[in-house]
Amino acid sequence: MKSLLVVLMLCVQLAMAQSFTAETSDIYVGESNTEFYGSINILSGTLKKSDKLAIYAETGRKFSATITKMSLLDQPKKEVNEVQSGSVAFIEFKTTDDATTGKDYLRKGYKVYPYTFNPVEKSAPISST
């Protein structure tokens, strides 16, 4: 009975965990330097309206964001709660800091992951000596 309970708890945790990868497309600044809107390509998984995002620049700079509105790109007036892999979503989101500064400001081509995502550092090649 206890093992069944443990398996059930693991299934619930996996179902509730964020799991997606995406890439920013055209991103625009909203009314403030922490509000943005634009399109995002969902590469794998499912992006949900309630998801918190970690957006990574190629320099390693991380932008933390929260989705406030989401729709499909071809139906911008119809809000949706989730978007599947292979789709392009139009999202409105807020960042925790000003993402309009620096040479790696928020723009097209950045990788998007769940907020809890931890990038793995590339390790140095193993020496044969």
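Preceding block: the structure.
Residues numbered from 1 in each chain as written. Predicted model: local features only at pLDDT ≥ 70, side-chain atom pairs only at ≥ 80, totals over all residues. Heavy atoms only, no water.

A. Highlighting the overall build of the protein. If you tally the helices and strands in the protein, you get 1 helix and 8 strands. Start at the N end of the protein and walk to the C end: the helices and strands fall as α-β-β-β-β-β-β-β-β. Sequence-distant contacts, at least 24 apart, represent 63% of the contacts inside the protein between residues at least 6 apart. Of the roughly 8,700 Å² that the protein leaves accessible, carbon and sulfur atoms contribute 57%. (Helix = DSSP H or I, 4+ residues; strand = E, 2+ residues; numbered from the N terminus. Contact = heavy atoms within 4.5 Å. Areas by Shrake-Rupley, 256 points an atom, 1.4 Å probe, with all protein chains shown as cover.)

B. Just the packing of aromatic side chains, in detail. What the rule picks out here adds up to 7 aromatic pairs. When the ring of Phe36 is compared with that of Phe93, the centres are 5.7 Å apart and the planes differ by 20 degrees; the resulting orientation is stacked. In this pair, Phe36 sits in strand 2 (residues 35-48) while Phe93 sits in strand 7 (residues 88-95), placing the two residues 57 residues apart along the sequence. Of the two residues, Phe36 and Phe93, both sit in the buried class. Centroid distance Tyr113 to Phe117: 4.0 Å. Interplanar angle 15 degrees. Geometry classified as stacked. (Phe/Tyr/Trp six-rings, centres within 6.5 Å; stacked < 30°, edge-to-face > 60°. Buried < 20%, exposed > 50% of the residue type's maximum accessible area, 1.4 Å probe, protein only.)

C. Just the pattern of salt bridges, in detail. A full pass over the atoms with the stated rule returns 4 salt bridges. As a salt-bridge pair, Asp104 and Arg61 come within 3.0 Å of each other at their nearest N and O atoms. Separated by 43 residues along the polypeptide, Asp104 in the loop between strand 7 and strand 8 (111-114) and Arg61 in the loop between strand 3 (52-56) and strand 4 (62-72) bring together distant segments of the chain. Judged by its relative accessible area of 11%, Asp104 is buried. (Salt bridge = Lys/Arg side-chain N within 4 Å of Asp/Glu carboxyl O.)

D. Structural context of the pairing of strand 5 (residues 75-79). With 0 of its 5 residues buried, strand 5 lies for the most part at the surface. Relative to strand 5, strand 4 runs antiparallel, the two being bridged by 2 bridges. Counterpart to Ser71 in the pairing with strand 5 is Glu79. Counting the residues in the hairpin turn of strand 4 and strand 5 gives 2 residues. (Pairing = 2+ DSSP bridges.)

E. Molecular detail of the nonpolar core. Counting 23 residues, the largest nonpolar core has Ile40, Leu47, Leu53, Ile55, Met70, Phe93 and Leu106 as the members making the most contacts within it. Those elements giving two or more residues to this core turn out to be strand 1 (19-29), strand 2, strand 3, strand 4 and strand 7. (Core = buried A, V, L, I, M, F, W, Y, C linked by side-chain atoms within 4.5 Å.)

F. Main features of the pairing of strand 4. Taken together, the 5 bridges between strand 3 and strand 4 define a ladder with antiparallel strand orientation. Of the residues in strand 4, the one forming a bridge with Lys52 is Thr66. Between the end of strand 3 and the start of strand 4, which pair antiparallel, lie 5 residues, with Gly60 showing a positive phi angle near 100 degrees. Pairing of strand 4 with strand 7, which is carried by 7 bridges, proceeds in the antiparallel orientation. The residue bridging Ser71 from the neighbouring strand is Phe90, located in strand 7.

G. Region of interest: the environment of Met70. As for its placement among the helices and strands, Met70 is situated in strand 4. The sequence separation of Met70 and Val80 amounts to 10 residues, and the corresponding C-alpha distance is 5.8 Å. Sequence-distant contacts of Met70, defined by excluding residues within four places in its chain, comprise Leu47, Lys48, Lys49, Lys78, Glu79, Val80, Asn81, Glu82, Val83, Ala89, Phe90 and Ile91.

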